[in-house]
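# Architecture and fold: a report
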Amino acid sequence: MFDIKKVREDFPILNRKVNGKPLVYFDNAATSQKPQVMIDALVDYYSNYNANIHRGVHTLSQEATSAYEEARLKIQKHFNASKSYEIILTSGTTHGINMVANGFSDLLSKGDEIIVSALEHHSNIVPWQMLCEKTGALLKVIPMTLKGELEMAVFDELLSSKTKLVFVNHVSNALGTINPIKQIIDKAHEFGAAVLIDGAQATPHIKPDVQALDCEFYTCSAHKLCGPTGVGMIYGKEEWLNKLPPYQGGGEMISEVTFEKTTYADLPHKFEAGTPNIAGVIGFGVALDYMNSIGFDQIAAYEDELLTYATEKLNAIDKLLIYGTSQKKAAVISFNVEGLHPYDIGSIIDKLGIAVRTGHHCAQPIMDYYKIPGTVRASFSFYNTKEEIDLFIEALLRAINMLS
Ligand code: 7TS
């Protein structure tokens, strides 16, 4: 196991106080904190070789281009894509999903079907509804159980030759459920459907192998795995990226432009119009290096310990109900205390230095299923500790006392 004390020293923000108390940051599912080495990479780019990429003969531009393309190679290696141009650099998960949804508007016809799951984030629901409105395709939903697991038997019934696309998150942001994506991908392929996996919540905990998964698309955001905001990636199988039209028109994505006709650049540039977040992409690569230096197996095992410890402590609290008790779970716990509003709990424990998220977590259909307005969500990362969980439980008990 890694040295937790040393790991915590890598994150400058963990030294700060909030409302006079040491920060306990349990809102990792919203965004992770950043190690110094990643922050240094951003400063180094802007201080020493800031230039635009892919378009300059001068030294700075060449240095920036190599650093940007090296980051793409690191991302390719991390996700085990077979070709570097199957990695499209984006502004984040939402961008990746919209890129595919936009592309499919040319590929779907009236009566075709798209399957999503009941566990999706809004960014994995709304683009498909927009796509269905445009194309006349129908949206079908894999229902969930009380434990927060997908009803796989119903998925079998929903699949047919009309299914063209299946979209599922790898890990649910609201409940932490780890979905059986390999099974979903294999079943969808039996009917010739393409599969996009939303890896926004999985990638901070799990190292996905896109070739072993055999999914058509896999997308994530750098900011949830120690990288900067406003950057992410979508992996797409080459044949599918070739089938999709460009998402945005502009510089970088063209081969030749005349007023009569424009031809598009090859992959990956066809999908990377305009000046990208150069520093962000470089930072993304450094963040992956950092997390890999700790090791994803170690990260998952340690976070699992935190999850078990916190779950036991929370279950011991009277009138507290945890939502999402699936067998396979990432380190996310959503809960409510009977008679108390999540917002009130979140506000009081913030005064004690504890950061959690409250609300519907951009997953209103899940809240509707449980007939609740929202939850308190504590989400853990590898730099959190059991001592922090003790502080959180202490603060929570104080909040419950004050509000009851
Ligand atoms: N998909 C899932 C499963 C997510 O959890 C999120 C963000 C997104 C997509 C969108 O990612 P973005 O980087 O493009 O914004 N989830 C959360 C959350 O749970 N709390 O804040 C953001």
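Here, every reference points to the structure presented above.
Reference entry: report on the structure contained in this document. (Residues numbered from 1 in each chain as written. Predicted model: local features only at pLDDT ≥ 70, side-chain atom pairs only at ≥ 80, totals over all residues. Heavy atoms only, no water.)

## Remarks on the sheet that holds strand S8 (residues 194-198)
Definition in use: Think of it this way: DSSP has to see at least two bridges between two strands before they count as a pair. We count a stretch as a helix when DSSP gives it H or I for four or more residues in a row; a strand needs E for two or more, and each element gets its number in order from the N terminus. Here the axes come from fitting lines to C-alpha atoms, over the contacting stretch only for helices, and the angles between their N-to-C directions go from 0 to 180 degrees. Should any heavy atoms of two residues lie within 4.5 Å, those residues are considered in contact.
Sheet architecture is open: seven strands sit in the order S4-S10-S9-S8-S7-S5-S6, paired in mixed fashion. If you trace the sheet from one side to the other, it starts and ends with strand S4 (87-90) and strand S6 (138-142), each paired once. The mean inter-strand angle of the sheet, taken between neighbouring strand axes irrespective of direction, is 20 degrees. Of the pairings in the sheet, the one linking S8 to strand S9 (residues 217-221) comprises three bridges and is parallel in character. Residue pairing across strands places Ile 197 opposite Tyr 218, the latter belonging to S9. Running over the sheet, helix H4 (residues 93-104) touches S4, strand S7 (163-169), S8, S9 and strand S10 (232-236) and is turned about 150 degrees from S9.

## Quick word on the environment of Lys 162
Counted only if it meets this: Burial here depends on accessible area, computed with a 1.4 Å probe over protein chains only, as a share of the maximum for the residue type. Under 20% is buried, over 50% is exposed, and the range in between is partly exposed.
The topology assignment puts Lys 162 in the loop between helix H6 (152-158) and S7. Classification of Lys 162 by relative accessible area gives partly exposed; the value is 44%. Once residues lying within four places of it in the same chain are set aside, the contact partners of Lys 162 are Gly 111, Asp 112 and Glu 113.

## A short note on the pattern of salt bridges
How we decide: For this document, the term salt bridge refers to a Lys or Arg side-chain nitrogen within 4 Å of an Asp or Glu carboxyl oxygen.
For the structure shown, the criterion picks out 16 salt bridges. The partner of Glu 388 in a salt bridge is Arg 8, with the nearest N and O atoms 3.3 Å apart. Residue Glu 388 is located in helix H14 (residues 386-403), and its partner Arg 8 is located in helix H1 (residues 4-9); the two are separated by 380 residues in the primary sequence. Judged by relative accessible area, Glu 388 falls into the buried class, the value being 4%.

## Comments concerning helix H12 (residues 342-351)
When we look at burial in H12, the residues that qualify are Pro 342, Ile 345, Gly 346, Ile 348 and Ile 349. Contacts made by the buried residues of H12 are with strand S14 (332-337), strand S15 (354-355), strand S16 (357-359), strand S17 (375-379) and H14. Residue Gly 353 follows H12 closely and has a positive phi angle near 90 degrees.

## Quick word on the site of the ligand
Heads up, the rule is: The near set for a molecule or strand comprises every residue that places at least one heavy atom within 4 Å of it. Within 3.5 Å is the distance limit for a polar contact, defined as a pair of N or O atoms, with the added protein rule that one can donate a hydrogen and the other accept it, and that residues adjacent in sequence qualify only through two side-chain atoms. Only the protein chains shown count as covering a residue, and every accessible area follows the Shrake-Rupley method with a 1.4 Å probe. Classification used: nonpolar for Ala, Val, Leu, Ile, Met, Phe, Trp, Tyr, Cys and Pro, charged for Asp, Glu, Lys and Arg, polar for all others including Gly.
Residues in close proximity to the ligand total 15 residues, the closest being Thr 94, Asp 198, Ser 221, Arg 357 and Arg 377. His 121 is positioned with one of its side-chain polar atoms (N or O) 3.4 Å from a nitrogen atom of the ligand. Taking His 223, its side chain carries an N or O atom lying 2.8 Å from an oxygen atom of the ligand. Within the complex, the protein chains bury 86% of what would otherwise be the 490 Å² of accessible surface of the ligand. When its residues are assigned to classes, the shell around the ligand shows three nonpolar, eight polar and four charged.

## A word on the packing of H12 against H14
The line we're drawing: By definition in this entry, angles of less than 35 degrees are roughly parallel, angles greater than 145 are roughly antiparallel, angles of 65 to 115 are roughly perpendicular, and the rest are oblique. Should the near helix be turned anticlockwise from the far one by less than a right angle, the crossing is left-handed, and should it be turned clockwise, the crossing is right-handed.
Their axes nearest at 9 Å, the elements H12 and H14 cross at an angle of 120 degrees. With respect to H14, the element H12 is oriented oblique. At the point where H12 passes H14, the crossing takes the right-handed sense. Along the contact surface, H12 presents Asp 344, Ile 345, Ile 348 and Ile 349, while H14 presents Phe 392, Ala 395, Leu 396, Ala 399, Met 402 and Leu 403.

## Quick notes on unusual backbone geometry
A cis amide bond links Leu 267 with the next residue in sequence, Pro 268, at an omega value of 0 degrees. Within the fold, Pro 268 resides in the loop between strand S12 (262-264) and helix H10 (278-294). Although it is not a glycine, Asn 19 sits at a positive phi angle of roughly 50 degrees. By secondary structure assignment, the location of Asn 19 is in the loop between strand S1 (17-18) and strand S2 (21-22). Positive phi, normally seen in glycine, also occurs at His 361, with a value near 60 degrees. Within the secondary structure layout, His 361 lies in the loop between S16 and helix H13 (364-370). On the accessibility criterion, His 361 (0% relative accessible area) is buried.

Without other data, these values stay purely geometric and don't point to any function.
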